[in-house]
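Here's the letter readout for the chains.
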Amino acid sequence: MERILIIGCGGAGKSTLARALGEKLGLPVVHLDKLWWTGNWENVPLEEFDARLTAALAMPRWIIDGNYSRTMPERIAQCDTIIYLDFNRFVCLWGMIRRVICNYGKIRPDMGGECRERFDREFIRWIWNYNRNNRARNYAWLNEAVHARTFVLKNRREVRRFLSRI
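Here the structure is a predicted model, which means the values were calculated and not measured.

Student: So what's going on with the sheet that holds strand S2 (residues 29–31)? Residues and values would help.
Tutor: Strand order across the open sheet formed by five strands is S2-S5-S1-S6-S7, with parallel pairing between neighbours. Looking at which strands have only one partner, the edges of the open sheet turn out to be S2 and strand S7 (149–153). Each adjacent strand pair in this sheet contributes to an overall mean axis angle of 15°, direction not counted. Bridge analysis of strand S1 (residues 3–8) against strand S5 (residues 62–65) gives four bridges, and the strand direction is parallel. Looking at S5, one finds that Arg-3 is bridged to Trp-62. Its contacts with the sheet put helix H3 (residues 46–58) on S1, S2 and S5, and the angle it makes with S5 is roughly 145°.

Student: Report on the environment of Gly-26, specifying residues and quantitative values.
Tutor: Here Gly-26 shows up in the loop between helix H1 (14–25) and S2. You can call Gly-26 partly exposed: its relative accessible area is 48%. Along the primary structure Gly-26 and Gly-95 are separated by 69 residues, whereas in three dimensions their C-alpha atoms are 26 Å apart. Filtering out sequence-adjacent residues up to four positions away, Gly-26 remains in contact with Leu-21 and Arg-61.

Student: If you had to explain the packing of aromatic side chains to someone new, which residues and values would you point to?
Tutor: One pass over the full model with this rule turns up ten aromatic pairs. Each ring, one from Trp-36 and one from Phe-49, has its centre 5.3 Å from the other, and the planes form 90°; the classification is edge-to-face. Within this pair, whereas Trp-36 is found in helix H2 (residues 32–36), its partner Phe-49 is found in helix H3, the two being separated by 13 residues in sequence. Grouping residues by exposure puts Trp-36 and Phe-49 together as buried.

Student: Could you give an account of the packing of helix H5 (residues 89–103) against helix H6 (residues 121–144), with specific residues and numbers?
Tutor: Remark: H5 packs on H6, axes separated minimally by 9 Å, with the N-to-C direction vectors making an angle of 155°. Here H5 lies roughly antiparallel to H6, going by the angle between them. Considering the relative orientation of H5 and H6, their crossing is right-handed. Residues Arg-89, Phe-90, Cys-92, Leu-93, Met-96 and Arg-99 of H5 lie in contact with H6, whose contacting residues are Phe-123, Ile-124, Ile-127, Trp-128 and Asn-131. Of the residues in the contact of H5 with H6, the class split is eight nonpolar, one polar and two charged.

Conventions used here
- Residues numbered from 1 in each chain as written.
- Predicted model: local features only at pLDDT ≥ 70, side-chain atom pairs only at ≥ 80, totals over all residues.
- Heavy atoms only, no water.
- Pairing = 2+ DSSP bridges.
- Helix = DSSP H or I, 4+ residues; strand = E, 2+ residues; numbered from the N terminus.
- Axes fitted to C-alpha atoms, helices over the stretch in contact; angles between N-to-C directions.
- Contact = heavy atoms within 4.5 Å.
- Buried < 20%, exposed > 50% of the residue type's maximum accessible area, 1.4 Å probe, protein only.
- Phe/Tyr/Trp six-rings, centres within 6.5 Å; stacked < 30°, edge-to-face > 60°.
- Parallel < 35°, antiparallel > 145°, perpendicular 65-115°, else oblique.
- Left-handed = near helix turned anticlockwise from the far one by under 90°.
- Nonpolar A, V, L, I, M, F, W, Y, C, P; charged D, E, K, R; others polar.

Structural data, given as structure tokens:
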């Protein structure tokens, strides 16, 4: 495991898992949200995001967490491991609510720019619909990634067990 992708719904714990794996394996962690967001919840231009991602992918070893489906084929082509956090919507919503409560008004280290934690109705809607809109495509990507080891973790207990075995 030298080049790891972590995907899944918001609130599932992708960034938390990325940090824990990074510490255990000594791998640099790249949060796609940090590459994408700037200012006050404004995104960087696509060209700048793509350049940042290209630089991250050029590193010999990494963990990248985040979805950003437009760039998924490029990331999958260069990874050796994919971890999909396939949690139900209630677990993800609770994870997001807990994160907002604990960090409200603060800037998280896995976010770019000056994006202070807040409640966002659109993000809640995105989480609620994530599995319906993305699960089939995520499994298709896993099936196409025959060169990569894939792990599908269905709940936080499975994540803890996965981490303890590394």
